[in-house]
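Structure assessment
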Amino acid sequence: KTTTLRLIAGLDQPTSGNIVYRGKDISALPTRLRDMRLVFQDYALFPHLNVFDNIAFGLRVRLTRHKYDERRVNELVSKYVEFVHLGGQEQKMPHQLSGGQKQRVALARALVSDPPVVLFDEPLGSLDASLRKSMQFELKRIHRELRKTFIYVTHDQEEAMAMSDRIVVMKDAKILQIDTPEALYYEPTSTAVARFVGA
């Protein structure tokens, strides 16, 4: 699952087949030109930057290419700090944040440049059960409000069923079924898919 996500992001190259996005083969397109963002399980925050600067990092890299001036960077970061409910935390360093807050910073950093596709690699895997539940609701809210494509990798059946519009069930690098959560539950196409759904 993670390999598939890395291939979509352009971090790995496919040995066969094609990656088609909006009708174009992007298999050879460099990661920086794919206009997608990746949210990692371990947050991947810069430990020497505060919350504000972590979120602003990607915009400031673009700033060197004259895409955003500092006023616009401040506007966008402030907007997304509020959007992920981190108001008042802007000057804190990553080591001063809880797991849920770190994940919100990573999420804001991915969203602030307004990508059409956001990729999530088990982003809630290192959170405790109750925090995971609240972050699931938060991600659903953000997805609903922004109306972007989220591709979300998880091995947790309950999380997949609760969060998805469509689920791709994979086993041993093969796709077993692509369907809505309801169809997977009521009409699994194989015993393996039925086992994935659980009780």
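Preceding this paragraph is the structure being described.
These lines cover the structure that appears in this document, whether it is placed above or below.

Thresholds applied
- Residues numbered from 1 in each chain as written.
- Predicted model: local features only at pLDDT ≥ 70, side-chain atom pairs only at ≥ 80, totals over all residues.
- Heavy atoms only, no water.
- Helix = DSSP H or I, 4+ residues; strand = E, 2+ residues; numbered from the N terminus.
- Phe/Tyr/Trp six-rings, centres within 6.5 Å; stacked < 30°, edge-to-face > 60°.
- Buried < 20%, exposed > 50% of the residue type's maximum accessible area, 1.4 Å probe, protein only.
- Salt bridge = Lys/Arg side-chain N within 4 Å of Asp/Glu carboxyl O.

On to unusual backbone geometry. A positive phi angle, close to 55°, is found at Asp35, a residue other than glycine. Structurally, Asp35 can be placed in the loop between β2 (24–25) and β3 (36–39). One non-glycine residue, Asp114, adopts positive backbone phi at about 60°. Within the secondary structure, Asp114 is located in the loop between α4 (99–111) and β4 (117–121).

Right, let's get into the packing of aromatic side chains. Applying the stated rule across the entire model yields five aromatic pairs. Relative to Phe83, the ring of Tyr80 lies with its centre 5.8 Å away and its plane at 75°, an arrangement referred to as edge-to-face. Residue Tyr80 and its partner Phe83 are located together in helix α3 (residues 70–83), separated by three residues, close to a single helical turn. Given a relative accessible area of 16%, Phe83 falls into the buried group. A ring pair is formed by Phe120 and Phe150, whose centres lie 4.8 Å apart and whose planes are at 55°; its orientation type is tilted. Taken as a pair, Phe120 in strand β4 and Phe150 in strand β5 (residues 149–153) lie far apart in primary sequence, 30 residues in all. For Phe120, a relative accessible area of 1% puts it in the buried group. You can call Phe150 buried: its relative accessible area is 19%.

Right, let's get into the pattern of salt bridges. One pass over the full model with this rule turns up 13 salt bridges. Measuring nitrogen to oxygen at the nearest pair gives 2.9 Å for the salt bridge that ties Glu75 to Arg72. With Glu75 and Arg72 both in helix α3, this residue pair falls three residues apart, about one helical turn. By relative accessible area, which is 35% here, Glu75 ends up partly exposed. Here Glu145 and Arg141 are joined by a salt bridge, their closest N and O atoms 3.2 Å apart. Linking Glu145 with Arg141, this pair stays in helix α5 (residues 129–146), spanning four residues, or about one helical turn.

No statement about biological role is implied by the geometric values presented.
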